[in-house]
Amino acid sequence: MERVQALGIKKWIDLQLHPQRIPENSALAAKLAPLDTLYMSTAQMLRNYPSPQEVKAMVAGKLPFPDDPDKRMMVDRLAARLQKATDQDGAKPRTVELAALLEPQQLRILRGGTPQEKLELFNSFPQERQDQLLESMGQGMRMQLFAAAGPALRRRIESANGPQSMVAQDLMAGKLFRAVYSNRQLEEVLVDFWYNHFNVFLEKGADRYMVTAYERDAIRPHVLGKFEDLLRATAKSPAMLFYLDNWESTGAQSPAGLRRQRGLNENYGRELLELHTLGVDGGYTQKDVTEVARCFTGWSIRQPQQTAEFEFNPRMHDEGEKTVLGVRIAAGGGIGDGDKVLHLLAHHPATAHFISRELALRFVADDPPETLVKRMAATFLKKDGDLRAVMKTMFDSPEFWSRGAYLAKMKSPLEMVASSLRATNADVDFAFGLNNQLNQLGQPLYRKVEPTGYSNSGQEWLNSAGLLARMNFSVALVNNKVPGVKVNGASTAEGVKLGSPDFQKK
Amino acid sequence: MNTRRFFLRNSALAMVGAGAAPLWLERALYAADAPSPRKKILVAIFQRGAADGLNIVVPHAEKRYYEMRPTIAVPRPSQSSERRADAAIDLDGFFGLHPALAPLKPIWDDGHLAVVHAAGSPDPTRSHFDAQDFMESATPGLKATADGWMNRALPRADAAAPSSPVRAVAMGSVLPRAMRGPNSAIAVQNLSDFQVRNAEAAGAFQSMYADSQDATLHAAGRETFAAVSLLQSIQKRRYEPAAGANYPKGRFGDCLRQIAQLIKADVGVEMAFADVGGWDHHVNEVGARASEGQLATRLADFGGSLAAFWTDLGDRRQEVAVVTMSEFGRTARENGDRGTDHGHANCMFVMGGGVRGGQVYGKWPGMQQEQLYEARDLALTTDFRDVLGELVKGQLGNRDLSKVFPGYAPTPRGILREA
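Predicted, not measured: the structure shown is a model, and the values here were computed from it.

A. Spotlight on the overall build of chain B. Counting secondary structure elements, chain B contains 14 helices and twelve strands. A buried classification covers 56% of the 419 residues belonging to chain B.

Structure representation (structure tokens):
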């Protein structure tokens, strides 16, 4: 706030529209640094944070082992546990009994000692035995150790039950840290907006490993760029191709289709028109959906479980002629069919209107003035879908500054949590406690199942259960009851402010 | 109307609101034997993601069904002991239940479970979002409808007697579209968590929301705190479901268990809503056999939870009717990935003490190419509003159906014994 006042609001907004001119908060970099999956390719994650499936593939020689010796050791241990489980016909990897690893005296300390005693005992073991211990501990015992541990040990504790879970943990932690610490607030809000617009559900199979790269490489670089680039990046991203099943969609008359391996899948085609571009009232027909789906046949993923990169597979592509929204797409266009559709959609007036309205819905009011939407849409069309220009039009509009737009909207749970943390100057050490809170508040991060994403309307969040969860979060926060978050010198009375009616609005 | 129970309920509300309810009052509230004219209750279940009605209530006498689904059809009913577990459970010689729905068969046999097939929304959309929206607003094709059918269906509160703050309850963290609207309705994720856990703060919050100038937050706050008092009052003791009511582990079972708890605690619930997701099976809908795979897993949870709910209700069954729906059905043909894509008509279940069960309602449209909707999906012969309309009238006593279903006049199908 001080910074906004010092600069003046217009200047501050202008700066926010050019995030690379804003020096980033050094505290943020320090928080993000240990979250190493955020910097990895999907292939690297699969090797370094494998699920049981990848471990099996490594053992079978189908996937390389990790280079890092510690991670290699972890994979070997997982492989041994999996092998044992297979021998015993059990579904889950079996762990060694804790009593078999420790002297009775040591076991007593781990069960009943002070956090410090536990940590000292734990640190007295060599690393390999420590990892065995972590795998054998129950959730409760592990959490007690976690509370006393430093960052490196915490990471090992978190990944003890399954290294693959770290990918999701890092993703959610990264989002929360940025929401609280970043100086580039508009950019973060826009990353959230556009990820939600092109929503992918994290827990759909292979998407567990693909969402990190999706947000980082397809969404983030384009949020103030050209809409067509953003759209194309999502269309070619393995995460989206997998989520909406397009990677398997096959032309009926294509070589692969004729061998009857696969068929046409309309899922992506439909959501591309309805949710990503034209909007549900954008004037397309079921026939258009099918034709668009035909254009995108063959847009697929190379080895989803390994390299997980986009590939166009001509053997799956429907080479016939198509007509999309009245535009003829000649036969034999190959990968160009999909590109033509994306170009057509990205410059369509219905897209300009729909995108502008969604942005106004998010930033201005639940019922945004049509004059504002039209002005934004005009900029969209005139400036070739330049999203920075569209945002600027919105910020420069009288409707944005009107009295009616002030405190007009209910904050989303993420906005409420982030603003509470900023308001109390909270220090976030680790994020999973906040992440659990967001589940309670009704906005689990990266886990909206439907391609619609969360509604941009504040009405979505106005209900008893949500209100209660907000009140409970506020009080828990100031009383330092949210694991991983520290607030200094705040009282319950301060918490009551965070849960008050006024604080729920933006 | 001024019966003992009614009096107790209102007094309890007043006292709980003031601070503490004496033990006798709770007991009285819990007592199931006190005679009282109870209100009937409607429970609506939404299967989000477009459940595959053709594999749920299987038209096993329809040859075309097996032609169009060579690898994912549910086999015809079988007497052979080894094949039976993977075959449809015959209902009437033409239709059969998916084998994972075996727990529902006794309810069917007792005449308390009915099926309506080839039912759903007449709107042609195949978008989940739109179709769910239309089914919950119950105005297919009209997006501008602001409120949901359940909210509109709530009978007008009796001016003389304050209505229960929990008369309309949805299980979940957000209020579903079907219950949104001007009448008060609450979303509850978990009964035991439904409170402000810090007593000092609770009082402060309550007065802040009461004083709020923001009309919507003021109303939401008042609604929230009234419901908190009431729900806390029924939880002084741990809820034990009736013997034999074994709810499957998971969210849907938890939701139905808590709805049963609310119904049995007599807190004035008139309608409840729960949803259950995970039905959008474009790929590998069925495993190596019909009793395995994604659909079978979802159905085991779905059927097991409904059956446990039914057992749990015990002598309250007479008052309760449950209706299930899903935004649209799935393609008659399987696709190239052993799954099905977005289709049209679907099946609905209606279960309740007043239901004329043991039969499949609705005209069967057939599955010949020319009988299919747009040459690909099961055609619609029963508008879902016909089913809902009968229930709104019979269960909720709301006869003003033109307000609940604007622009549509539902035709009762005779599913309820007395409508």
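B. Inspection of the overall build of chain A at higher detail. Helix and strand counts for chain A stand at 28 helices and six strands. Relative to a compact globule of 506 residues, whose C-alpha radius of gyration would be 23 Å, chain A shows 25 Å and is just as compact. Taken over the C-alpha atoms alone, chain A extends approximately 80 × 65 × 40 Å along its principal axes. Classification of the 506 residues of chain A by burial places 46% in the buried group. Expressed as a percentage of contacts within chain A between residues at least 6 apart in sequence, the contacts between residues at least 24 apart total 64%.

C. A look at the interface of chain A and chain B. The interface of chain A with chain B comprises 35 residues on the first partner and 38 residues on the second. At the level of secondary structure, the elements contributing two or more residues to the side of chain A that touches chain B comprise α18 (267-276), α27 (464-478) and α28 (492-498) of chain A. No other element matches the eight residues that α27 of chain A contributes to the side of chain A that touches chain B. Residues of the side of chain A that touches chain B, tallied by class, amount to ten nonpolar, 17 polar and eight charged.

D. Examining unusual backbone geometry more closely. Backbone geometry places A308 of chain A, a non-glycine residue, at a positive phi of 50°. Mapped onto the fold, A308 of chain A is located in the loop between β1 (299-302) and β2 (309-312). On the neighbour-count criterion, A308 of chain A (23 C-beta atoms within 10 Å) is buried. Of note in the backbone geometry, E374 of chain B takes a positive phi value of approximately 50° without being a glycine. Position of E374 of chain B relative to the elements: it lies in the loop between β11 (360-361) and β12 (382-383). Overall, E374 of chain B belongs to the exposed group, with 11 C-beta atoms counted inside 10 Å.

E. Main features of the confidence of the model for chain B. Residue and element names in this part refer to chain B. Residues with a pLDDT of 70 or more make up 89% of chain B, whose mean pLDDT is 89. The low-confidence segment residues 1-36, where pLDDT is below 50, has 37 contacts with residues more than four positions distant or belonging to other chains. On the interface metric, ipTM, the complex scores 0.84, and its pTM is 0.78.

F. Spotlight on the nonpolar core. Of all hydrophobic cores here, the largest spans 246 residues; its most connected members are I259, A274, V323, M348, V350 and V387 of chain B. If we skip the residues at most four places from it in the chain, V387 of chain B touches V116, A119, V323, M348, V350, T382, R413 and I415 of chain B. In this structure, L134, M137, L145 and A149 of chain A belong to the second largest nonpolar core, which totals seven residues.

G. Geometry of helix α13 (residues 185-197) of chain A. Residue and element names in this part refer to chain A. Across its 13 residues, α13 extends 18 Å between first and last C-alpha, which sits within 8% of the 18 Å expected from 1.5 Å per residue. The buried fraction of α13 is high, at ten of 13 residues. Among the residues of α13, those classed as buried are L186, E187, E188, L190, V191, D192, W194, Y195, N196 and H197. Buried positions along α13 lie against α2 (9-16), α12 (165-181), α14 (211-219), α15 (227-235), α21 (349-363) and α25 (413-423).

H. Looking closely at the packing of α21 of chain A against helix α22 (residues 370-382) of chain A. All names here are of chain A. Taken N-terminus to C-terminus, the directions of α21 and α22 make an angle of 130°; their axes are 8 Å apart at the nearest point. Comparing their axes, α22 and α21 come out oblique. α22 is crossed by α21, and the crossing has right-handed handedness. Counted together, P349, A352, H353, I355, S356, R357, L359 and A360 of α21 and L372, V373, M376, A377, F380 and L381 of α22 form the full contact between these two elements.

I. Here's a closer look at the environment of H348 of chain A. Residue and element names in this part refer to chain A. Mapping H348 onto the fold places it in the loop between α20 (336-346) and α21. Considering only alpha carbons, one finds H348 and F380, 32 residues apart in sequence, at a separation of 9.9 Å. In contact with H348, not counting residues within four places along its chain, are T277 and L278.

J. A look at the pairing of strand β10 (residues 346-352) of chain B. Residues and elements named next belong to chain B. Of all the seven residues making up β10, seven are buried; the element is thus mostly covered by neighbouring parts of the structure. Of the two faces of β10, the one holding N346, M348, V350 and G352 and the one holding C347, F349 and M351 are both buried throughout. Relative to β10, strand β5 (residues 113-120) runs antiparallel, the two being bridged by five bridges. Directly across from A114, in β10, lies its bridge partner V350. Where strand β9 (residues 320-326) meets β10, three bridges bridge the pair, whose relative direction is antiparallel.

K. Layout of the pairing of β9 of chain B. Residue and element names in this part refer to chain B. Judged by how many residues are buried, β9 sits mostly within the fold: seven of seven residues are covered. Going residue by residue along β9, you find V320, V322, T324 and S326 tucked away on one face and A321, V323 and M325 tucked away on the opposite face as well. Two strands pair when backbone bridges link them, and strand β1 (residues 41-47) and β9 are joined in this way by seven bridges, in the parallel orientation. Paired with F46 across the bridge in β9 is M325.

Calculation criteria
Residues numbered from 1 in each chain as written. Chains lettered and ligands numbered in written order. Predicted model: local features only at pLDDT ≥ 70, side-chain atom pairs only at ≥ 80, totals over all residues. Helix = DSSP H or I, 4+ residues; strand = E, 2+ residues; numbered from the N terminus. Buried ≥ 20, exposed ≤ 12 C-beta atoms within 10 Å, placed from the backbone. Rg over C-alpha atoms; globule rule 2.2 N^0.38 Å. Contact = placed C-beta atoms within 7 Å. Nonpolar A, V, L, I, M, F, W, Y, C, P; charged D, E, K, R; others polar. pLDDT = per-residue confidence, 0-100. Core = buried A, V, L, I, M, F, W, Y, C linked by C-beta atoms within 7 Å. Expected span 1.5 Å × (residues − 1). Axes fitted to C-alpha atoms, helices over the stretch in contact; angles between N-to-C directions. Parallel < 35°, antiparallel > 145°, perpendicular 65-115°, else oblique. Left-handed = near helix turned anticlockwise from the far one by under 90°. Pairing = 2+ DSSP bridges.

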